[in-house]
Amino acid sequence: MSYAVKEAFLTLQGEGVQAGSRAVFLRFAGCNLWSGREQDRSTAQCNFCDTDFVGIDGPGGGKFANADALSSHVEALWGEERDFRLVVITGGEPMLQLDKALIDALHARDFRVAVESNGTIAATPGIDWLCVSPKAGTEVVQRSGDELKLVWPQPGIDLADLEGWDFRHYLVQPMDCADGQAAVDAAISLVMERPLWRLTLQGHKIVGLK
Ligand SMILES: C[S@@+](CC[C@H](N)C(=O)[O-])C[C@H]1O[C@@H](n2cnc3c(N)ncnc32)[C@H](O)[C@@H]1O
Ligand SMILES: Nc1nc2[nH]cc(C(=O)O)c2c(=O)[nH]1
Ligand code: SF4
Ligand SMILES: [Mg+2]
């Protein structure tokens, strides 16, 4: 199978429990909850997205013919070091394209495979670190994983329901939006009221990384 990649780059994981780790980011093109066009945002199932995932024109992006070609591209971005190899596969919605062949090819090059998903498509087996970020009003089928990362505030989310799912870590991430401070305050209040949850900040934006 071929893969449509918006962009790929070396940075630090900015979010979640693995924040601060050196990682290659692989951003697949396309999402099932929004077209990515601004004129569709207000009517999309997910309308607060902070990411351009349309097309294959970003740095390190392109069309890759097969899993070997794409895993080789990831390896070139990482460099020679064989230890602690980490790739974060995101998008867009990565579960539209991520298959076993790509996970196997990345494992063969000694990468741990982390994935950021909206959870509306079941995760491909073999992922080493799965982050699910639920969106209000969508049917989340992937209710287990390593971290659940809730962007907040999101009207229509049933916190008690999420708390019954099977995740090792429950994280709340302030929504990057016009009133960012209000979102930070709301996230802190959530943690104060429900200590299962931990605050995660988008550290890459704070320090000026991509
Ligand atoms: C761009 S999404 C791509 C992966 C997948 N489609 C998803 O939604 O999880 C990557 C992460 O950014 C989060 N995110 C998107 N827009 C955000 C915003 N405005 N503020 C904070 N986090 C945001 C998502 O919830 C998700 O955890
Ligand atoms: N540095 C950095 N860390 C991230 N963690 C999750 C991201 C994403 O867009 O999925 C992201 C991102 O876009 N950049
Ligand atoms: S599901 Fe993820 S990629 Fe899709 S629009 Fe929402 S935040 Fe963006
Ligand atoms: Mg991002």
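Residues numbered from 1 in each chain as written. Chains lettered and ligands numbered in written order. Predicted model: local features only at pLDDT ≥ 70, side-chain atom pairs only at ≥ 80, totals over all residues.

A. Seen up close, the pairing of strand β5 (residues 112–117). Among the 6 residues in β5, 5 count as buried, and that is most of the element. Pairing of strand β4 (residues 86–90) with β5, which is carried by 4 bridges, proceeds in the parallel orientation. Bridge pairing in β5 places V88 opposite A114. As a crossover connection, the stretch from β4 through helix α2 (residues 100–108) into β5 is right-handed. Relative to strand β6 (residues 129–132), β5 runs parallel, the two sharing 4 bridges. Paired with A114 across the two strands is W129, which belongs to β6. (Buried ≥ 20, exposed ≤ 12 C-beta atoms within 10 Å, placed from the backbone. Helix = DSSP H or I, 4+ residues; strand = E, 2+ residues; numbered from the N terminus. Pairing = 2+ DSSP bridges. Right-handed = clockwise from strand over helix to strand, strands pointing away.)

B. Structural view of the site of ligand 3. Taken together, the residues surrounding ligand 3 are C31, L33, W34, C46, C49, T51, F53, G91, G92, E93, N118 and K135. Residue classes in the shell around ligand 3 are distributed as 6 nonpolar, 4 polar and 2 charged. (Near = placed C-beta within 6 Å. Nonpolar A, V, L, I, M, F, W, Y, C, P; charged D, E, K, R; others polar.)

C. Just the UniProt feature "binding site: [4Fe-4S] cluster" (unreviewed entry) in the chain, in detail. Those places that UniProt annotates as "binding site: [4Fe-4S] cluster" (unreviewed entry) correspond, in this numbering, to C31, C46 and C49. Separation in sequence by 19 residues is not matched in space for these annotated residues, since their most distant C-alpha atoms are only 10.6 Å apart. Looking at the element boundaries, C31 is found in the loop between β2 (22–28) and β3 (62–64). For C31, a count of 22 C-beta atoms within 10 Å gives the class buried. (UniProt positions renumbered as here; feature names shortened; annotations may be inferred.)

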